[in-house]
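Summary of the model geometry
Now for the letters of each chain:
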Amino acid sequence: MADWTETYRPSTLSEVRGNDKARDALREWAENWEDHRKAVILHGSPGVGKTSAAHALANDFDWPTIELNASDQRKADIVKRIAGEAAQSGTLTEGGAGRRLVILDEADNFHGNVDYGGSRAVTDVIKSASQPVVLIANEFYDMSQSLRNNCETVEFRDVSKRSIVPVLRDICRQEGIEFEAEALEAIAENTDGDLRSAINDLQAIAETEDRLTEEAVVTGERDRTKGIFDLLDEVIKTASAQEALYASYDVDETPDDLINWIEDNVPKDFSGAELADAYASLARADQWLGRVRATQNYSYWRYAGDNMTAGVAAARREPKGGWTRYGPPSYWRKLGSSRGARDRRDYVARKIAESGGMSMSSARREVLPYLAAMTHHCKNRELTVAMTARYELDADHVSFVTGSGKDTNKIQGIVADAQRLREEAAVEGSEGAFEGARRSNGGSEEGRNEPLGPDQPGENDDSEVDTDESNGDEGTDADESQSGLGDFM
Ligand SMILES: Nc1ncnc2c1ncn2[C@@H]1O[C@H](COP(=O)(O)OP(=O)(O)OP(=O)(O)O)[C@@H](O)[C@H]1O
């Protein structure tokens, strides 16, 4: 299901709610930009509409946007280049045509990012930019004084309950949801001025309730202390999206740990499309966790939590019964905790990302778990060989993905067969699926698909992943599938 905070993101400034003064000040800044040529800082708590306002403004003024944020890991000269290009295209044409709005998100965090050369570089870019620049920040005073002094400032306040309720009401009407006014009030009350959270909560409740009652909102909050296994049971098997979210508040786990528990156990009960949806939610949760790490802004934990609990529960297509042996995140958890395992994971994810034209994060969260499930203990040998060839994996990687011990005959055989497959492909000269495979034979070519080399981290790292080798299933599925390289992606 679409994320309502995206569906209902304001597309014009007049739709930005509850911050009328800020909104008007921003519009005025843009109208007079030609005269003052200053950048503007939008600051305020998460989820109150700063980013939305910047984009709505660009939309109203017909300015294309250029977006950058502090976690982008780009270098200061790239910032300069982009701002510079934007600057030139602006001066070429008089009267505002060719104007671009540069949006710098997480502007309170540039100082912490050495890649940007700190906030001094940012301040320089801002001062010399001849295009309008919007800086977005949670913490005004985390920005350097010179940066603050060189910009105009617009404060976004927490959105009042009075302004949140009508937004929720509009959404209910558009979604055709029956509601009690008190239910909306209760949601607004709970979310403390954060409109994004209010919309998330509304969606979580609406996912299961036919009618939005105050009781549904309130009972969902009931205090319970629970263990992690109860929580898994609820998120995966029984709870509505809202119950799952609220239940997670009572569990004593950080979101960083919780995501591993859920990710590791959800494939035990979910499959097919619902598993894909669950993984997509976990990928979003992971992005928020990444944002917390980049910005140290722990209020984003909430959005991570929403996605990993309510999102996963909402992915459930049919009721789940019975008892499942949930376990602590063994193998996937180690991905996060041991350097070597993380490196192996990232190597495989990078190969998947390159060959599938997707982001590392999607590869890691959405594709890799599938591959791992399908090749678990190498049960589908053809597929495991194909995967090994296509992604140029060595024994370490194959062991990591399949969970089989890397020194076993099974894995050695698979790596050897994959090598043969690549050589055959090279001889046949078929392009496309085998493109990367051919390169790996030489070992020194340039290009994106670099083969594993001595500089590949993790190669000789001893920190092992689980190698709980299971015997006896070797080759059982060998002739069941004729999967070729092109077939499985
Ligand atoms: N003032 C508002 N008016 C209308 N919708 C809003 C407003 N504030 C937040 N929203 C809703 O919440 C979502 C998140 O808002 P937005 O990203 O603009 O917040 P933000 O203040 O930039 O937060 P952050 O600092 O976390 O990026 C929007 O997509 C929109 O659905």
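Residues numbered from 1 in each chain as written. Predicted model: local features only at pLDDT ≥ 70, side-chain atom pairs only at ≥ 80, totals over all residues. Heavy atoms only, no water.

**Regarding the overall build of the chain**
To be explicit about the condition: Secondary structure is summarised from DSSP: a helix means a run of H or I of at least four residues, a strand means a run of E of at least two, and numbering begins at the N terminus for each. Only protein chains enter the calculation, and the probe is 1.4 Å; a residue is then buried if its accessible area is under 20% of its type maximum, exposed if over 50%, and partly exposed in between. Residue burial considers only the protein chains on display, and all accessible areas are found by Shrake-Rupley using a 1.4 Å probe.
Of regular secondary structure, the chain possesses 23 helices and seven strands. Per-residue burial for the chain yields a buried fraction of 52% across its 489 residues. Carbon and sulfur atoms make up 44% of the accessible area of the chain, which amounts to about 22400 Å² in all.

**Observations concerning the site of the ligand**
Applicable threshold: Being near a molecule or strand, for a residue, comes down to having at least one heavy atom within 4 Å of it. Under the rule applied, a polar contact is a pair of N or O atoms within 3.5 Å (in protein, one hydrogen donor and one hydrogen acceptor; residues adjacent in sequence only if both atoms are side-chain atoms).
Not every one of the 21 residues close to the ligand is listed here, only the nearest: Thr 5, Arg 17, Lys 50, Thr 51 and Ser 52. Gly 49 is positioned with one of its backbone polar atoms (N or O) 2.9 Å from an oxygen atom of the ligand. Residue Thr 51 places a side-chain N or O atom 2.5 Å away from an oxygen atom belonging to the ligand. Protein contact buries 98% of the 620 Å² of open area that the ligand shows by itself.

**Focus: the nonpolar core**
Keep this limit in mind: Among buried residues, the Ala, Val, Leu, Ile, Met, Phe, Trp, Tyr and Cys ones that are joined through side-chain atoms within 4.5 Å form a nonpolar core. In what follows, residue pairs with any heavy atoms lying within 4.5 Å of each other are defined as contacts.
Residues Trp 29, Leu 42 and Leu 202 are the most contacted members of the largest nonpolar core, which totals 45 residues. Ignoring sequence-local partners within four residues, the contact set of Leu 202 consists of Trp 4, Leu 168, Ile 171, Cys 172, Leu 184, Ile 187 and Leu 212. Of all hydrophobic cores here, the second largest spans 31 residues; its members include Ala 239, Ile 259, Trp 261 and Tyr 279.

**A short note on the packing of helix 15 (residues 272–295) against helix 19 (residues 360–374)**
Definition in use: Orientation is described by lines fitted to C-alpha atoms, with helices fitted over the stretch in contact, and by angles between N-to-C directions that extend from 0 to 180 degrees. Geometric relationships in this document are graded by angle, where less than 35 degrees denotes roughly parallel, more than 145 denotes roughly antiparallel, 65 to 115 denotes roughly perpendicular, and other angles denote oblique. Here a crossing is taken to be left-handed if its near helix is turned anticlockwise relative to the far helix by less than a right angle, and right-handed if that turn runs clockwise. Note on residue categories: nonpolar means Ala, Val, Leu, Ile, Met, Phe, Trp, Tyr, Cys or Pro, charged means Asp, Glu, Lys or Arg, and polar means any other residue, Gly included.
At a closest axis distance of 9 Å, the pairing of helix 15 and helix 19 adopts a crossing angle of 150°. Between helix 15 and helix 19, the angle is such that the two are roughly antiparallel. Remark: the crossing between helix 15 and helix 19 carries right-handed chirality. On helix 19, the residues that touch Gly 272, Leu 275, Ala 276, Tyr 279, Ala 280, Leu 282, Ala 283, Asp 286 and Gln 287 of helix 15 are Ser 361, Arg 364, Arg 365, Glu 366, Pro 369 and Tyr 370. For the contact of helix 15 with helix 19, the per-class residue count stands at eight nonpolar, three polar and four charged.

**A look at the packing of helix 12 (residues 228–238) against helix 14 (residues 255–265)**
In the contact formed by helix 12 and helix 14, the axes pass within 11 Å of each other and the chain directions differ by 55°. Judged by the inter-axis angle, helix 12 sits oblique to helix 14. Of the two possible hands of crossing, helix 12 and helix 14 adopt the one that is right-handed. Residues Ile 228, Phe 229, Leu 231, Leu 232 and Ile 236 of helix 12 lie in contact with helix 14, whose contacting residues are Leu 258, Trp 261, Ile 262 and Asn 265. When the residues that make up the contact of helix 12 with helix 14 are grouped by side-chain class, the tally is eight nonpolar, one polar and no charged.

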